[in-house]
Amino acid sequence: MDKYCVNRNDRYVIEQSNYKEWERILFNNRSLINRLDLVKDQHTILLKAKKILEHRFNFLGYNYFTDEVSNEPNITYKPINWHYDPSTKKQFPQKDWYRSVRKNLPKGGDLKYPWELSRFHHSILLGQAYSLSGDEKYTMEFINQIIDWIDNNPLRYGINWSNTMEVGIRVANWSVAFLFFIDSPLIKQNFLNRFFGSLREHGIHIYRNLENLQPINSNHYIGNLYGLYILSSIYPFIEKSQTWHTFSKHELEKEILFQTDEDGWDYEASTTYHKLVTEMFLYTHIVGEYFNQPFSSIFVNQLKKMLDVINVIEKPDNTIPQIGDNDSGFLFPCDINNDNLKTNSLKYLSKQYNLNFLKKGGGDFYLYKNSGYYIYKSNELYILLITGPKNLLGLGSHAHNDILSFILNINGKDILIDPGSYVYTSDHSMRNQFRSVSSHNTLYWDGIEPRSLNDGLFKLKNVGNIEIDPVKGDESGFYFKGKYVYGNRHHQRTFSLNAKEKIIEVNDEASHEGANLIFNCSPGNIVKEIGDGFSINNVLFKFNNLNNIKIRDSLFSPSYGKAQMTKSVVVSLDGTRTDYKISYN
């Protein structure tokens, strides 16, 4: 038992004599808020915080609303339903043991919704509002929600303890959010006993339920370590904190190398999961620097590479493209709209902590051979071509059938896009539709998937082989030729960009007849069929050999839980090959 805390009858209690000590520690830690870039525009913060006071939550494409409440004196706090999925109106079990709760899930329910609410990102927002206004109603709401959650989520019971990563993100948010409120007169010993006790329970639960039992660990395990590290760094007086701190730092040093390749890419074949993992490593690095316990130079150099990946794949609108799964996950709500595709905050923090690691060579053309991304960027043109990682490690949990697909942005306007993810477990058919080869800008045959979608919603077996000729590229353009072989079929795609002439020449060859090409258009674009092809706005796609063209309605998911109508163009090949030119102004 450490010197600041005692445990009486399984209740975590702070000795009165130790108040000054923990107050001193937390007051010294409070300036960490500024290091994390967590104080934002006052007007927007207060508008959003007002909705939190009213228990109006907006996340993953849905509005969650319990009852309108007021934090004026004598108005009773109304509890929040922490186990509800607003997207399907399903209620999740509250009293089932955490290891068996997933055996009794409501059919069609999406557990990401109760998880997202219980991550408590909004507690940071309440803290920001209190810091900017000094209004104690935000403190009272923070206290009430914490106690409400503890009372209705007993340790290791219910859906909100069933995923250790969720526990890690929640405890990190709680740990930082409380720093905003430590000098409030409403913070009393009874609350601190409950709050610090639950922090301790969170830490013990994470440490005893680490998600590191797979041959290859994933972002979940990093989320476990992230939660332990943030908690133990800010609250060193909590029992077992030193053990958690030493362990999590050691494991983070290992995982940043195990879960990324030499180019700096996260191995899970998803741009948004790469960004999420980068945030975890970045925030732990910032916290380590703040407490004068820096990570190794090897860790920092790999983090720089991860950040550089984001710099390179960033589009003109300061967002990253969606490749692979996107569950709209983020950590601290540094972007006021919680847009997990935005890069502004990461770029700002990279600069503040001297973590810029700009790639050298290649002009406007960037090659990531190990992870399978080829990017051309100029003031006019953005192309990202996907070949998939050399080795799809793990289960392929967040990968899609998108090999030899590409996205296209011209003059800052998205032309061809990746369709996104939409949902995970609530609708198996839609999950697989968005993962399917026929939803990506590549070649496909009806009813045939390069990697089977029938092995599980979070599994794509590493089958097939991609053969890539030597790639050449610079600011004037690039040449790419790749062949994807799976089963007894193959697709060969050749790209040739002449930036001066503003022409992209593409050749697609198929092993069998009956193949189709699909082009997913960004919503809002004007798509028209022309004599020998089609146009998207003023971008022309002209073919020299095709069977027919069909413009059809399709779906695009800009973020998890959201889907909107757009257009796709399906080109049926006449024979087994076609050449076409994409010209732009």
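Residues numbered from 1 in each chain as written. Predicted model: local features only at pLDDT ≥ 70, side-chain atom pairs only at ≥ 80, totals over all residues. Heavy atoms only, no water.

Asker: So what exactly am I meant to see when it comes to a nonpolar patch on the surface here?
Answerer: On the surface, a cluster of nonpolar side chains totalling about 310 Å² of accessible area is made up of L257, F258 and I298. Inspection of the secondary structure assignment puts L257 in helix α10 (residues 241–258). (Patch = residues over 30% accessible without salt bridge, like charges linked within 9 Å, V, L, I, M, F, W, Y side chains within 5 Å. Areas by Shrake-Rupley, 256 points an atom, 1.4 Å probe, with all protein chains shown as cover. Salt bridge = Lys/Arg side-chain N within 4 Å of Asp/Glu carboxyl O. Helix = DSSP H or I, 4+ residues; strand = E, 2+ residues; numbered from the N terminus.)

Asker: I'm lost on helix α13 (residues 344–352) in this one. Help?
Answerer: Residue pairs spaced three or four apart in an α-helix point in one direction, given the helix's 3.6 residues per turn. Within the span of α13, buried status applies to S345, L346, L349 and S350. Each buried residue of α13 lies within a common arc of 135° when the element is viewed along its axis, so the set occupies one face. Where α13 is buried, its residues contact α2 (32–35), α11 (271–290) and α12 (297–313). Following α13 by one or two positions, N354 has its phi on the positive side, about 55°. (Buried < 20%, exposed > 50% of the residue type's maximum accessible area, 1.4 Å probe, protein only. Arc of directions from axis to C-beta. Contact = heavy atoms within 4.5 Å.)

Asker: Got a minute to help me understand the sheet that holds strand β11 (residues 413–416) in this structure?
Answerer: Hydrogen bonding along the main chain pairs the strands of a sheet, whether they run parallel or antiparallel. An order of β7-β8-β9-β10-β11 is seen for the five strands of this open sheet, with the pairing classed as antiparallel. The sheet terminates laterally at β7 (365–368) and β11, the two strands that pair on one side only. Taking each pair of neighbouring strands and ignoring which way they run, the sheet shows an average axis angle of 15°. Bridge count for strand β9 (residues 381–386) against strand β10 (residues 406–410) is five bridges, and the pairing is antiparallel. Paired with Y382 across the two strands is N409, which belongs to β10. (Pairing = 2+ DSSP bridges. Axes fitted to C-alpha atoms, helices over the stretch in contact; angles between N-to-C directions.)

Asker: How should the environment of W115 be read in this particular structure?
Answerer: The topology assignment puts W115 in helix α4 (residues 112–118). By relative accessible area, which is 7% here, W115 ends up buried. Aside from chain neighbours lying at most four places away, what touches W115 is R102, I159, N160, S162, N163 and E166. A polar contact of 2.9 Å, which involves the side chain of W115, links it to the backbone oxygen of I159. (Polar contact = N/O pair within 3.5 Å; in protein donor to acceptor, adjacent residues only side chain to side chain.)

Asker: Hey, could you run me through the packing of helix α3 (residues 42–53) against helix α5 (residues 121–133) in this one?
Answerer: A pair of packed helices is captured by two measures, namely the crossing angle of their axes and the spacing between those axes. Taken N-terminus to C-terminus, the directions of α3 and α5 make an angle of 125°; their axes are 9 Å apart at the nearest point. Overall, the two elements α3 and α5 adopt an arrangement that is oblique. Two packed elements cross with a definite hand, and for α3 against α5 that hand is left-handed. Across the interface between the two elements, Q42, I45, L46, K48, A49, I52 and L53 from α3 touch H122, L125, L126, Q128, A129, L132 and S133 from α5. (Parallel < 35°, antiparallel > 145°, perpendicular 65-115°, else oblique. Left-handed = near helix turned anticlockwise from the far one by under 90°.)

Asker: Please explain the side chain of S270 as it appears in this structure.
Answerer: For S270, the location among the structural elements is in the loop between α10 and α11. In terms of polar contacts, S270 uses its side chain to reach the backbone carbonyl oxygen of D325, at 2.6 Å.

Asker: In this structure, what is going on with empty space enclosed by the protein? I would like to understand it.
Answerer: Gaps left between atoms show up when a probe the size of a water molecule is rolled over them. On inspection of all chains with the given rule, the structure shows two cavities of 30 Å³ or more. Of the volumes computed, that of the largest cavity is approximately 70 Å³. If you go around the largest cavity, you meet twelve residues; those closest to its centre are A269, G388, P389, A399 and D402. Residue composition of the lining of the largest cavity, grouped by class: seven nonpolar, three polar and two charged. In this structure, the second largest cavity spans a volume of roughly 60 Å³. (1 Å grid on protein atoms, 1.4 Å probe; cavity = no way out; pocket = protein on both sides within 12 Å on 5 of 7 lines; lining within 4 Å. Points joined across faces, edges and corners; volume = space filled by probe spheres on them. Nonpolar A, V, L, I, M, F, W, Y, C, P; charged D, E, K, R; others polar.)

Asker: Explain unusual backbone geometry here, please?
Answerer: Residues other than glycine predominantly adopt negative phi, and peptide bonds predominantly adopt the trans conformation. Its identity is not glycine, yet N292 carries a phi of approximately 60°, on the positive side. For Y422, which is not glycine, the phi torsion reads 75° and is therefore positive. Summarising the element assignment, Y422 is placed in the loop between β11 and α14 (428–435).

Asker: I'm lost on α3 in this one. Help?
Answerer: Its twelve residues give α3 an end-to-end C-alpha distance of 16 Å, which sits within 8% of 16 Å, the value for a rise of 1.5 Å per residue. If you check which residues of α3 are buried, you get I45, A49, I52 and L53. Projected down its long axis, α3 shows its buried positions confined to an angular sector of 95°, all on one face. Those residues of α3 hidden inside the fold are in contact with β3 (56–59), α5 and α6 (136–152). Remark: H55 follows α3 within two positions and exhibits a positive phi of approximately 60°. (Expected span 1.5 Å × (residues − 1).)

Asker: What exactly am I supposed to notice about the sheet that holds strand β18 (residues 516–520) here?
Answerer: An order of β12-β18-β23-β22 is seen for the four strands of this open sheet, with the pairing classed as antiparallel. In the strand order of this sheet, the two ends are held by β12 (443–444) and β22 (548–556), each with one partner. By the bridge criterion, nine bridges tie β22 to strand β23 (residues 564–572) in an arrangement that is antiparallel. Residue N548 lies in a different strand from β23, and its bridge partner there is S572.

Asker: Please clarify how the pairing of strand β19 (residues 527–530) should be interpreted in this entry.
Answerer: Side-chain positions along a regular strand alternate between the two faces of the sheet. Here four bridges tie β19 to strand β20 (residues 533–536), and the two strands are oriented antiparallel to one another. Looking at β20, one finds that K528 is bridged to S535. The loop that links β19 with its antiparallel partner β20 comprises two residues.

Asker: Explain the pairing of strand β21 (residues 539–543) here, please?
Answerer: Burial of β21 is one-sided: the residues V539, F541 and F543 facing one way are buried, the residues L540 and K542 facing the other way are not. When β20 meets β21, the two strands line up antiparallel, connected through four bridges. Bridge pairing in β21 places F534 opposite F541. What sits between the antiparallel neighbours β20 and β21 is a turn of two residues, in which N537 has the positive phi angle 55°. Bridging between β21 and strand β24 (residues 577–583) involves four bridges; their strand directions are antiparallel. Residue pairing across strands places L540 opposite S583, the latter belonging to β24.

Asker: Which parts of the structure should I look at to understand the pattern of salt bridges?
Answerer: Where charged atoms from two side chains of opposite charge approach closely, those side chains can pair. Throughout the structure, instances matching the rule amount to 19 salt bridges. One salt bridge in this structure joins R56 and E54, with 3.1 Å as the shortest N-O distance. Among the residues examined, R56 registers a relative accessible area of 35% and is labelled partly exposed. Between K275 and E279 there is a salt bridge, with the nearest N and O atoms lying 2.7 Å from each other. Taken together, the residues span about one helical turn, with K275 and E279 both in helix α11 at a distance of four residues. Just as K275 is buried, E279 falls in that class too. Ionic contacts of the salt-bridge type, sharing partners, join the residues K50, E54 and R56 into one network.

Asker: Please explain the environment of Q564 as it appears in this structure.
Answerer: Looking at where Q564 falls in the secondary structure, it is placed in strand β23. On a C-alpha basis, the gap between Q564 and L26 in space is 46 Å, while along the polypeptide they are 538 residues apart. Beyond its immediate chain neighbours, meaning those up to four positions away, Q564 contacts P523, S554, L555, F556 and P558.

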